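Structural description and commentary
Next come the chains, spelled out residue by residue.
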Number of protein chains: 2
Amino acid sequence: MNFENIPYKIYLDENEIPNTWYNVRADMKNKPAPLLNPGTLKPLTFEEMQPIFCDELIRQELDNDTAQIPIPEEVQNFYRMYRPSPLVHAVFLEKALDTPAHIFYKFEGNNTSGSHKLNSAIAQAYYAKAQGLKGVTTETGAGQWGTALSMACSYFGLDCKVYMVKVSYEQKPFRREVMRTYGANVTPSPSMDTAIGRKINEEFPGTTGSLGCAISEAVEAAVSTPGYRYELGSVLNQVLLHQSIIGMETKTACDKYGIKPDIIIGCAGGGSNLGGLISPFMGEKLRGEADYRIIAVEPASCPSFTRGKFVYDFADTGKVCPMAKMYTLGHGFIPSANHAGGLRYHGMSPVLSQLYADGYMEAISVEQTAVFEAATQFARVEGILPAPESSHAIRAAINEALKCKETGEEKTIIFGLTGTGYFDLKAYEAYNNGTMVDYIPTDEDLAKGFAGIPNI
Amino acid sequence: MNFENIPYKIYLDENEIPNTWYNVRADMKNKPAPLLNPGTLKPLTFEEMQPIFCDELIRQELDNDTAQIPIPEEVQNFYRMYRPSPLVHAVFLEKALDTPAHIFYKFEGNNTSGSHKLNSAIAQAYYAKAQGLKGVTTETGAGQWGTALSMACSYFGLDCKVYMVKVSYEQKPFRREVMRTYGANVTPSPSMDTAIGRKINEEFPGTTGSLGCAISEAVEAAVSTPGYRYELGSVLNQVLLHQSIIGMETKTACDKYGIKPDIIIGCAGGGSNLGGLISPFMGEKLRGEADYRIIAVEPASCPSFTRGKFVYDFADTGKVCPMAKMYTLGHGFIPSANHAGGLRYHGMSPVLSQLYADGYMEAISVEQTAVFEAATQFARVEGILPAPESSHAIRAAINEALKCKETGEEKTIIFGLTGTGYFDLKAYEAYNNGTMVDYIPTDEDLAKGFAGIPNI
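Residues numbered from 1 in each chain as written. Chains lettered and ligands numbered in written order. Predicted model: local features only at pLDDT ≥ 70, side-chain atom pairs only at ≥ 80, totals over all residues. Heavy atoms only, no water.

The helix and strand inventory of chain A stands at 18 helices and 15 strands. Taken along the three principal axes of its C-alpha coordinates, chain A extends 60 × 50 × 45 Å. Buried residues in chain A amount to 66% of all 456 residues. Here the analysis covers contacts within chain A between residues at least 6 apart in sequence; of these, 76% occur between residues at least 24 apart. If you sum the accessible surface of chain A, you get close to 15400 Å²; carbon and sulfur atoms cover 50% of it. Side chains of chain A give 40 positive and 52 negative charges; the mean places of these two sets differ by 2 Å. (Helix = DSSP H or I, 4+ residues; strand = E, 2+ residues; numbered from the N terminus. Buried < 20%, exposed > 50% of the residue type's maximum accessible area, 1.4 Å probe, protein only. Contact = heavy atoms within 4.5 Å. Areas by Shrake-Rupley, 256 points an atom, 1.4 Å probe, with all protein chains shown as cover. Lys, Arg positive; Asp, Glu negative; His and termini not counted. Charge placed at Lys NZ, Arg CZ, Asp CG, Glu CD.)

Glancing now at the domain arrangement of chain A. All names here are of chain A. When its domains are assigned, chain A resolves into domain 1 (3-17 + 79-114 + 243-451) and domain 2 (20-70 + 116-230). Taken residue by residue, the interface counts 40 residues in domain 1 and 37 residues in domain 2. At the surface where domain 1 touches domain 2, the tally comes to 1 salt bridge. For the salt bridge of R287 with D27, the shortest nitrogen-to-oxygen distance reads 2.9 Å. Here domain 1 is connected to domain 2 by 14 residue pairs in polar contact (both at pLDDT 80 or more). Contributions of two or more residues to the side of domain 1 that touches domain 2 are made by α3 (73-82), α11 (237-257), α12 (272-286), β12 (309-314), β13 (323-328) and α14 (350-357). In terms of residues, the side of domain 1 that touches domain 2 owes the most to one element, α12, which gives 7 residues. The residue makeup of the side of domain 1 that touches domain 2, split by class, is 20 nonpolar, 13 polar and 7 charged. (Domains from an automatic or database assignment. Salt bridge = Lys/Arg side-chain N within 4 Å of Asp/Glu carboxyl O. Polar contact = N/O pair within 3.5 Å; in protein donor to acceptor, adjacent residues only side chain to side chain. Nonpolar A, V, L, I, M, F, W, Y, C, P; charged D, E, K, R; others polar.)

In terms of nonpolar packing, the biggest core is built from 236 residues, with M361 of chain A together with M361 of chain B touching the most fellow members. If we ignore the near neighbours within four places in the chain, the residues touching M361 of chain B are L274, I278, M282, I294, A296, F305, L352, L355 and Y356 of chain B. (Core = buried A, V, L, I, M, F, W, Y, C linked by side-chain atoms within 4.5 Å.)

Turning to the relation of the copies chain A and chain B, a few remarks are in order. For the match of chain A to chain B, the screw axis carries a shift of 0.0 Å, the RMSD comes to 0.0 Å, and the turn is 180°. The superposition operator between the copies reduces to a two-fold rotation axis. Among all residues of chain A, the minimum C-alpha distance to the rotation axis is found for N110 of chain A, at 3.1 Å. A share of 100% of interface residues in chain A that are also interface residues in chain B marks the association as one of identical surfaces. (Least-squares fit on C-alpha atoms with pLDDT ≥ 70 in both.)

Residue and element names in this part refer to chain B. Read from one edge to the other, the open sheet built from 7 strands follows the order β1-β4-β5-β15-β10-β11-β14, with strand pairing classed as mixed. Of all the strands in the sheet, the pair left with one neighbour each is β1 (9-10) and β14 (362-366). Where strand β4 (residues 87-89) meets strand β5 (residues 102-107), 3 bridges bridge the pair, whose relative direction is antiparallel. Residue V88 lies in a different strand from β5, and its bridge partner there is Y105. (Pairing = 2+ DSSP bridges.)

Bringing the layout of surface pockets into the picture now. In this structure, the second largest pocket spans a volume of roughly 1100 Å³. Forming the boundary of the second largest pocket are 40 residues, of which E14 and R80 of chain A together with P7, Y8 and K9 of chain B lie nearest the centre. For the lining of the second largest pocket, the element with the highest residue contribution is helix α4 (residues 91-97) of chain B, accounting for 4 residues. When the residues that make up the lining of the second largest pocket are grouped by side-chain class, the tally is 20 nonpolar, 5 polar and 15 charged. (1 Å grid on protein atoms, 1.4 Å probe; cavity = no way out; pocket = protein on both sides within 12 Å on 5 of 7 lines; lining within 4 Å. Points joined across faces, edges and corners; volume = space filled by probe spheres on them.)

This part covers the packing of helix α2 (residues 55-62) of chain A against α11 of chain A. Residues and elements named next belong to chain A. Their axes nearest at 7 Å, the elements α2 and α11 cross at an angle of 90°. The angle between the axes of α2 and α11 places the two elements in the roughly perpendicular class. Taking contact as the criterion, the partners of L57, Q60 and E61 in α2 are, on α11, N237, Q238, L241 and H242. When its residues are assigned to classes, the contact of α2 with α11 shows 2 nonpolar, 4 polar and 1 charged. (Axes fitted to C-alpha atoms, helices over the stretch in contact; angles between N-to-C directions. Parallel < 35°, antiparallel > 145°, perpendicular 65-115°, else oblique.)

We now examine the sheet that holds strand β6 (residues 135-140) of chain A. All names here are of chain A. Sheet architecture is open: 4 strands sit in the order β8-β7-β6-β9, paired in parallel fashion. Looking at the sheet topology across the chains shown, the edges are occupied by β8 (185-189) and β9 (228-230). Averaged over all pairs of adjacent strands, the angle between their axes in this sheet comes to 25°, without regard to strand direction. Here 5 bridges tie strand β7 (residues 159-165) to β8, and the two strands are oriented parallel to one another. Across the sheet, the residue bridging to V165 is S189, located in β8. Each of β6, β7, β8 and β9 touches helix α10 (residues 211-224); the most contacted strand, β6, lies at about 170° to it.

Right, let's talk about the interface of chain A and chain B for a bit. Listed by partner, the interface residues are 42 residues for chain A and 42 residues for chain B. Surface buried jointly by chain A and chain B totals about 3900 Å² across both partners, of which 56% is contributed by carbon and sulfur atoms. The tally of links between chain A and chain B comes to 2 salt bridges. With a closest N to O distance of 2.6 Å, E429 of chain A and R176 of chain B form a salt bridge. Joining chain A to chain B, the criterion identifies 29 residue pairs in polar contact (both at pLDDT 80 or more). If you list the elements that add at least two residues to the side of chain A that touches chain B, you get α3, α6 (144-156), α8 (173-181), α15 (368-382) and α17 (425-433) of chain A. (Buried area = accessible area lost by both parts, 1.4 Å probe.)

Looking now at the pairing of strand β10 (residues 263-267) of chain B. All names here are of chain B. Of all 5 residues making up β10, 5 are buried, and the element is well covered by its neighbours. Every second residue of β10 is oriented toward a common face, with I263, I265 and C267 on one face and I264 and G266 on the other, all of them buried. With 3 bridges connecting them, β10 and strand β15 (residues 412-417) associate as parallel partners. The residue bridging I265 from the neighbouring strand is F415, located in β15.

Before going further, it helps to examine the packing of aromatic side chains. Applying the stated rule across the entire model yields 43 aromatic pairs over all chains. Taken together, a centroid distance of 5.1 Å and an interplanar angle of 70° make the contact between Y155 of chain A and F156 of chain A edge-to-face. Here F281 of chain B and Y292 of chain B contribute two aromatic rings whose centre-to-centre distance is 5.3 Å and whose plane-to-plane angle is 85°, an arrangement assigned as edge-to-face. With a gap of 11 residues between them, F281 of chain B in helix α12 (residues 272-286) and Y292 of chain B in the loop between α12 and β11 (293-299) connect regions that are remote in the sequence. (Phe/Tyr/Trp six-rings, centres within 6.5 Å; stacked < 30°, edge-to-face > 60°.)

Residues and elements named next belong to chain A. One pass over the structure, following the stated rule, counts 48 salt bridges over all chains. Between D443 and R307 there is a salt bridge; the shortest N-O distance is 2.8 Å. Here the residue D443 occupies a position in helix α18 (residues 443-449), and R307 occupies one in helix α13 (residues 304-307), the gap between them amounting to 136 residues. Accessibility expressed as a relative area gives 55% for D443, which makes it exposed. The salt bridge involving E400 is made with K403; its shortest N-O contact spans 3.0 Å.

Turning next to the side chain of E382 of chain A. By the element assignment, E382 of chain A lies in helix α15. In this structure the side chain of E382 of chain A is engaged in a polar contact, spanning 3.2 Å, whose partner is the backbone nitrogen of F92 of chain A. Of the polar contacts made by the side chain of E382 of chain A, one reaches the backbone nitrogen of L93 of chain A; its length is 2.9 Å. Apart from residues lying up to four places away in sequence, E382 of chain A is in contact with Y8, V88, A90, V91, F92, L93 and Y105 of chain A together with M81 of chain B.

Now for the environment of M361 of chain A. Of note, M361 of chain A is situated in the loop between α14 and β14 (362-366). Sequence separation between M361 of chain A and K29 of chain A is 332 residues; the distance between their C-alpha atoms is 15 Å.

Before going further, it helps to examine α15 of chain A. Residues and elements named next belong to chain A. Helix length check: α15 (15 residues) gives 20 Å between terminal C-alpha atoms against 21 Å at 1.5 Å per residue, within 8%. Buried within α15 are the following residues: Q368, V371, F372, A374, A375, T376, F378, A379, V381 and E382. Note on α15: the residue one or two positions beyond its end, G383, has a positive phi of about 85°. (Expected span 1.5 Å × (residues − 1).)

Another aspect to go through is unusual backbone geometry. The omega torsion across R83 of chain A and P84 of chain A is -10°, close enough to zero to call that bond cis. Relative to the assigned elements, P84 of chain A resides in the loop between α3 and β4 (87-89). Each neighbour pair has its own omega, and for S189 of chain A with P190 of chain A the value is 5°, a cis peptide bond. Here the phi dihedral of D98 of chain B falls at roughly 50°; this positive angle occurs in a residue that is not glycine. Along the polypeptide, D98 of chain B turns up in the loop between α4 and β5. Relative accessible area serves as the criterion here: at 55%, D98 of chain B is assigned to the exposed category.

Right under this line is the structure:
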């Protein structure tokens, strides 16, 4: 392979943006386990999901067979606003590491939401609009997903109601203002708008909220408001489907320039980025057409793959959402307060969980000071200040490249750079000041998270 | 012209990035007036500038004759990290405005510094490194230029000492932490490091600083530290030269796709972005080869072109820097505290000042609520949250496009979108809350700024 002929940044032409999403479930022998109704513990039906989700999104959620699903033209038009995203040859990083490895990264941060979340947000907003809905609800922690959905709803003229964890609403006002600029209604959670919010405010006066509570409020608001549905930015099968655009573009760029990755690396929280990036490569692997090492990287402080159990669990702390079979730390698990950035979900995409259980991918966990060390090194040579989440993948990519330096192997590594760290500078400040600490939960800590999981 | 065949985002190939900067002074009949030594009131010589600036940058500052100046290979390599920047066809904005006008914008915000400032920062850092210097100093307000210079210095392994206005250092810590992540030494100004800082701290205990004071400290630190020089991000001829990369790429993209702008619009503070964007177009105009309407847009609260005088003035409040002949509100002028974002410099690039005086360009001023209205409209349809500075150009472009709607004219408009607003969300919050106010200085206010200008 002649790496000299590859541009530093590979931008596909606009007509090379894929016009279908790839549904990796179609090529899985062991399909992901279905979502269960938490009341009946039976698989959720289309009709049971209808009050919560848009019809077409339910179809996508349940479709384990169709490999290529057309991207609606209106979504394709929006994609052209910020896609194709570049596949960057990390020549400056390679030089700094003095490694024979060839490193590429797919950069999803060049849009105002600052991450890959927009890929699914625009699809979900489109299907809500196509169904004639008036608006959608969602929850957000620091605000990455809420920002993406606000942008998407603004484009289609949909109302967007975001329940934002109160402590973030008050202490991290910047993404809140981006959402408001895009016309979203942002409510600190727990609020007095919903029954569950009022209940929690009454039981815990002065609480600053949690993601679990915000999810419960958003779902309640959706099912109780005519013309509204709830939308979610990770974990679900539909989200991985939409995020396959990342991997499809990456694969197209690789094929165009003859790049054949040996190792593909992504950070893993709920799995939306990793699942999207690896989809077409995993498809080849599942069909026996090619082999790749695929590595999920998760925080040591929230290690669902590496220390969780592969069981049915509630998707939310408040137990109002469906149950999913996934690697989980237990719906009662909350990562330590000093954990920076996202990747704090207790569970993992059921698709990725099944693939991991079946041995198609590896998983590792890394500690956050090592992550920020990699982030800083990367920022200084590649010019992009990475999101803390993405920096987990950077850490692993650098580790693999350094192994190549030891062995002399010229491996080709691709990793997903999901977003930028512009709204995470409090974490960078802690790292710069030397006050950032690592946290690895003890087995006792983890055991607490499992309280209340039914034994199924 | 067939606009259907133009991609939504025009990315030049990497080998189409210009390898020379264009020096518009070479084509000016009336050259910009030279910088004066504030002591002798005589033109500054190369030798007088040497303690402050790098040698090669002084040569560029003084060179009014060479039209094409080669971009050093190391700078070209760095440019490939984030360039070419896209020339975007604003189809979503055109549709929202229902205008027959064709609108394009050159987007310079897709890099971690968040603006075009990096184009000159990397050149200035390179020449410092090439001269064997140890480091550079500079000042920064909110931090856009300081961030860019920190990134550039990190790349070349140079020390970077940034004097940051104390109130920004304390209240706007995010860009400070970006700079620290890139290894810069960031000092709140006024500090106790410099004689001028100690003097100001003594005279005004508890002062939160000003840009003028930070400039004075940075210059003092540069001239008093062996192996250091001072670098500046706007106003100077050398900066406009480096920023011509914006216009050169824009012109190349226009020529490639047969786009012929009728109107070119840029925001104007010190002039670095506007000067860069218009350079090659202005060159054609100066040589009589083509005609374009060129419009500078400045804030009504800091109206140097539209209400300033074209005279020699001090470049800094502290009067330690050279004097420049420029449109100026007086070195004592400080814009109202409610003025959001940059574009707050009291003067204007001497090159642009001369071109404006000679009738080659127009200037208008706009009020900030109208600017944020345009910013919000743009963000919602084009997906990019614009910097307040850039939004001045958006306001003017929308106004021109609406005029076309009235007249039915199919004019082609290009404007410079210099950066993103991710670090300006306090201003967006004020706009979202309806608490943003406009401020137009009275003639009496402006008269105060002129106190102390020598009558030359």
